[in-house]
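The primary structure of each chain is shown beneath.
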Amino acid sequence: MKNIVIINGHPNKDALNFALVKAYIEGAEQSGAEIKEITIADMEFNPNLQYGYHKRMDLEPDLIKAWEIILWADHLVWVHPVWWGGLPALMKGFIDRLFLPGMAFKYRSDSIFWDRLLKGKTGHIITTLDQPGWYYRLIYGRPSINQLKKSTLQFCGVTPIKVSYIGIVKTADENLRKKWIEKVKRWGKDNL
């Protein structure tokens, strides 16, 4: 049985992302997986890494609980929109505050190398777009995926990481949205 955390990075509870998260959870529960959810919009924390890595900020209770869930999980599923090519600000702040040296990775003394402290975990990024996924990849170079997948998760040892695009959201009718929801439910059932 797989332990899965699904992390919702959308700040608007009326957004499609919340329906996608619900669908993934339903599918994963059907497979017998143990699943926990982190809804960043419900958390109380300062998203600003005020001192960078020069001085550690105390983690708020919601961040401590989220980190315990991330450590518990075998598989990390991230659901978020792409805004201006990147992650929503609150989601970026969540990552800045939690994926810290000594927690998610550890720099080696007198070396350019580091230890990946989240080895053994896998991931899936499900991102919603207002453009076709192929366009986002070819024209823009998929900056949010590079940031989350390569510069954060793989940097910390999470691998492999599947990437899925849902879009074009702004022009989708109800039937297309239902198809997306069913697709994400199957991904949950397959623990992708």
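Model, not experiment: these values are computed from the prediction.

Student: Quick question: what am I supposed to make of the sheet that holds strand β7 (residues 161-167) here?
Tutor: Where strands meet in a sheet, backbone hydrogen bonds hold them as pairs that are either parallel or antiparallel. An order of β2-β1-β3-β6-β7 is seen for the five strands of this open sheet, with the pairing classed as parallel. Each having just a single partner strand, β2 (34-39) and β7 make up the two edges of the open sheet. Averaged over all pairs of adjacent strands, the angle between strand axes in this sheet comes to 15°, irrespective of strand direction. Across seven bridges, strand β6 (residues 122-129) lies against β7 in parallel orientation. Within the sheet, the bridge partner assigned to Gly123 lies in β7 and is Ile161. In the packing of helix α1 (residues 16-30) onto the sheet, the strands contacted are β1 (3-8), β2, β3 (75-81), β6 and β7, and the crossing angle to β1 comes to about 175°.

Student: Could you clarify how one ought to interpret a nonpolar patch on the surface in this entry?
Tutor: A surface patch of nonpolar side chains, about 590 Å² in accessible area, is lined by Trp134, Tyr135, Leu138, Ile139 and Tyr140. Structurally, the position occupied by Leu138 is in helix α4 (residues 133-140). Using a relative accessible area of 67% as the deciding quantity, one classes Leu138 as exposed.

Conventions and cut-offs
- Along every chain, residues carry numbers that run from 1 in the direction the sequence is written.
- Reporting in this predicted model follows two pLDDT cut-offs: at least 70 for local features of residues, and 80 or more for side-chain atom pairs to be given and counted; totals over whole chains, interfaces and linings ignore these cut-offs and use all residues.
- Excluded from the side-chain calculation are hydrogens and water; included are all heavy atoms of the structure.
- Only when DSSP finds a minimum of two bridges between them are two strands counted as paired.
- Strands are runs of DSSP state E lasting at least two residues, helices are runs of H or I lasting at least four, and both sets are numbered from the N terminus onward.
- Each axis is a line fitted through C-alpha atoms, taken for helices only over the stretch in contact, and angles between the N-to-C directions span 0 to 180 degrees.
- Contacts between residues were defined by any pair of non-hydrogen atoms, one from each residue, lying within 4.5 Å.
- Each patch is built from residues that are more than 30% exposed by relative accessible area and take part in no salt bridge. Like charges join if they lie within 9 Å; nonpolar side chains (Val, Leu, Ile, Met, Phe, Trp, Tyr) join within 5 Å.
- For the area figures, the Shrake-Rupley method with a 1.4 Å probe applies, and any residue is considered shielded solely by the protein chains shown.
- The rule for a salt bridge is simple: a side-chain nitrogen of Lys or Arg has to be within 4 Å of a carboxyl oxygen of Asp or Glu.
- Partly exposed residues are those whose accessible area sits between 20% and 50% of the maximum for their type, while under 20% is buried and over 50% is exposed, using a 1.4 Å probe and protein chains only.

Keep in mind these values describe shape, not function.
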